[in-house]
Amino acid sequence: MTIETLLSLPESKTLEFKRDLSSLKSIMKALIAFANTSGGVLIIGRDPRGKIIGVQDILSAEERLANAISDSIRPALMPEIEIISNDGKPLLMVRVPHWRGPFYLKKDGPENGVYIRLGSTNRQAGPEILAELHRSLSSMSFDLSPFPDMSIDDLDLSKARHFFATIGLELDHIKMQSLGILVPFAGRLVPTLGGIILFGNESARLCRCPDARISCARFRGTSKAEFLDSLDIEGTVLDAVSEVPRFIRRNTRTAAKIEGMYRLEIPEYPDVAVREALVNAVAHSAYFLSGMRIMVAIYDDRLEIQNPGMLPFGMTLEDLKAGVSKSRNRMIARVMRTLAMMEEWGSGYKRIMEACRAGGYPEPEWQEFGSAIRVVFKPHSEVFLVAEPHVPVNVPVNVPVNVPVNVPVNERQAWFLEQLAAGQKLKPIELANHWRVNPKTAKRDIADLKKHGLIEFVGAPKTGCYRLMPLSK
């Protein structure tokens, strides 16, 4: 990448600009953060508005910077310092690779002087991040941490054995040790954090990892201003891998078109790609971050899957897209791979992109912000065109034959239509009770069906009922 290109880019996880050397401590924090996180480039001589100022007395400035790095940072940091020029103005460019550390400001010490890069900012590493830094340097995996005060009785063994039985494997003590579900401690076997996250009973999970779960929400419009539906998955994150797709189908749209003698349904979002992103979120979440959980958010114009934790130290989004693999939770990833939920290491991004391209879906966007990773899916153009963006509609199940193929209905609406077709006389409250949704949501569902000309209300307001409207009417 040329210097002209670098200077035209905004600040990011791996790029920062400084006007001059007037704030050496701020510069040291940036270099430390780069080294501890994923490496980066610092350019001195450009102001915050993008204007090239240049560096006065460049040789003296270079020596001053090198001395400050040597005197201020521990362990010894040896970045590459280069004098470059742009439009005749000299600049200092400092290239910092990701190195084993953690690096810290000598003055503040190894507990308070450690910084990491979050987005385009340098943040002091708190106790949780600092512990993760040390684990990554010693090749430890947080999910293999043992719980000495727990036993195998804190695992839901019947559920665990069921998961493995589905792929023809028997789960015994030897298998649980080889996978890291149990580890030896003081002469006995105790569960690991990963074992509790995946197979712990409810009391054990609430006690040790209450945030290791998935929350889902469907919002009206394109912001979080109004909930239409929500779900906190009961059970473990493995249970959620099956439950979340049901929630998504309940709260996303479908398009239908006739090809030959067949009616083809096009989901709003690619099932395979969404499931892969969900599995990756479970496998790579930073479970050591308290108060954060995996979130699935559905809006009128997008679906987001977000997991806590930035990319593992030493990785960038470019590495992820290139297929570089660096698992944060090696035990959880190993179990999910054994259960055929994951495939080859580092291939998740590729499979997601291939699934989107094969189905004609827009390519999803990966975002790293603060201490979270988010994958954003956009709807299929066929679905987005036939459904009005403000109408909260989902994937239909057994839609009655008198529903036109170009009218999108959701699972709740499909059920309502089926009941009417069977001669049932229903009101919004029955729909709300059956699907356990807010009565306002039920009324909107029915109002949308009326708007599309699929049903009509006949009779007096208090004693009347809804009925299917014939297509010829």
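Quick caveat: nothing in here was measured; it's all calculated off a predicted structure.

Thresholds applied
- Residues numbered from 1 in each chain as written.
- Predicted model: local features only at pLDDT ≥ 70, side-chain atom pairs only at ≥ 80, totals over all residues.
- Heavy atoms only, no water.
- Pairing = 2+ DSSP bridges.
- Helix = DSSP H or I, 4+ residues; strand = E, 2+ residues; numbered from the N terminus.
- Axes fitted to C-alpha atoms, helices over the stretch in contact; angles between N-to-C directions.
- Core = buried A, V, L, I, M, F, W, Y, C linked by side-chain atoms within 4.5 Å.
- Buried < 20%, exposed > 50% of the residue type's maximum accessible area, 1.4 Å probe, protein only.
- Contact = heavy atoms within 4.5 Å.
- Parallel < 35°, antiparallel > 145°, perpendicular 65-115°, else oblique.
- Left-handed = near helix turned anticlockwise from the far one by under 90°.
- Nonpolar A, V, L, I, M, F, W, Y, C, P; charged D, E, K, R; others polar.
- Phe/Tyr/Trp six-rings, centres within 6.5 Å; stacked < 30°, edge-to-face > 60°.
- Lys NZ or Arg CZ within 6 Å of the ring centre and 35° of its normal.

Chemist: Looking at this structure, I do not really get the sheet that holds strand β17 (residues 365–369). What am I missing?
Modeler: Think of a sheet as strands paired side by side through backbone hydrogen bonds, with each pair either parallel or antiparallel. Strand order in the open sheet formed by six strands is β12-β11-β15-β16-β18-β17, and the pairing between neighbours is mixed. A single partner strand is all that each edge strand has here, and the edge strands are β12 (227–232) and β17. Taken over all neighbouring pairs, the strand axes of this sheet differ in orientation by 15 degrees on average, direction set aside. One ladder, built from five bridges, connects strand β11 (residues 214–219) with strand β15 (residues 294–298); its direction is parallel. From the neighbouring strand, Cys-216 faces β15, where its bridge partner is Val-296.

Chemist: Please explain the nonpolar core as it appears in this structure.
Modeler: For soluble globular proteins, the rule of thumb is that nonpolar side chains tend to be buried together. Grouped together as the largest cluster of nonpolar side chains are 84 residues, with contacts concentrated most on Phe-199, Ile-214 and Phe-377. Sort the elements by how many residues they give to this core and helix α11 (residues 271–284) lands first, with eight residues. What Ile-214 contacts, discounting residues up to four positions off in sequence, is Leu-231, Asp-232, Ile-233, Val-237, Ala-240, Val-244, Leu-278, Val-282, Ile-294 and Val-296. If you look at the next biggest cluster of nonpolar residues, it comprises 24 residues, including Leu-31, Ala-33, Leu-77 and Phe-103.

Chemist: Any chance you could explain the packing of helix α17 (residues 428–435) against helix α18 (residues 439–451) here in plain terms?
Modeler: Each packed pair of helices is defined by two parameters, the angle between the axes and the distance between the axes. The contact between α17 and α18 brings their axes to 8 Å, and the two run at 120 degrees. With respect to α18, the axis of α17 lies oblique. Relative to α18, α17 is oriented so that their crossing is right-handed. On α18, the residues that touch Pro-428, Leu-431 and Ala-432 of α17 are Pro-439, Ala-442, Lys-443, Asp-445 and Ile-446. Each residue belonging to the contact of α17 with α18 can be placed in one class, and the counts come to six nonpolar, no polar and two charged.

Chemist: Looking at this structure, how should I read the packing of aromatic side chains?
Modeler: What characterises a pair of aromatic rings is the spacing of the ring centres plus the angle enclosed by the ring planes. Tallying each qualifying case throughout the model produces ten aromatic pairs. In this structure, Arg-208 is placed above the aromatic ring of Phe-147, and the distance from its NZ or CZ to the ring centre is 5.0 Å. Positioned above the aromatic ring of Tyr-299, the side-chain terminus of Arg-302 is 3.8 Å from the ring centre.

Chemist: Honestly, the sheet that holds strand β4 (residues 80–86) in this entry has me stumped. Any pointers?
Modeler: One open sheet accounts for four strands, arranged β1-β2-β5-β4; its pairing is mixed. Two strands in the sheet have a free side with no partner beyond their single neighbour: β1 (15–18) and β4. Neighbour to neighbour, the strand axes of the sheet diverge by 25 degrees on average, direction disregarded. Across the sheet, helix α2 (residues 24–36) lies against β1, β2 (40–44) and β5 (89–96), angled at about 160 degrees from β2, the strand it touches most.

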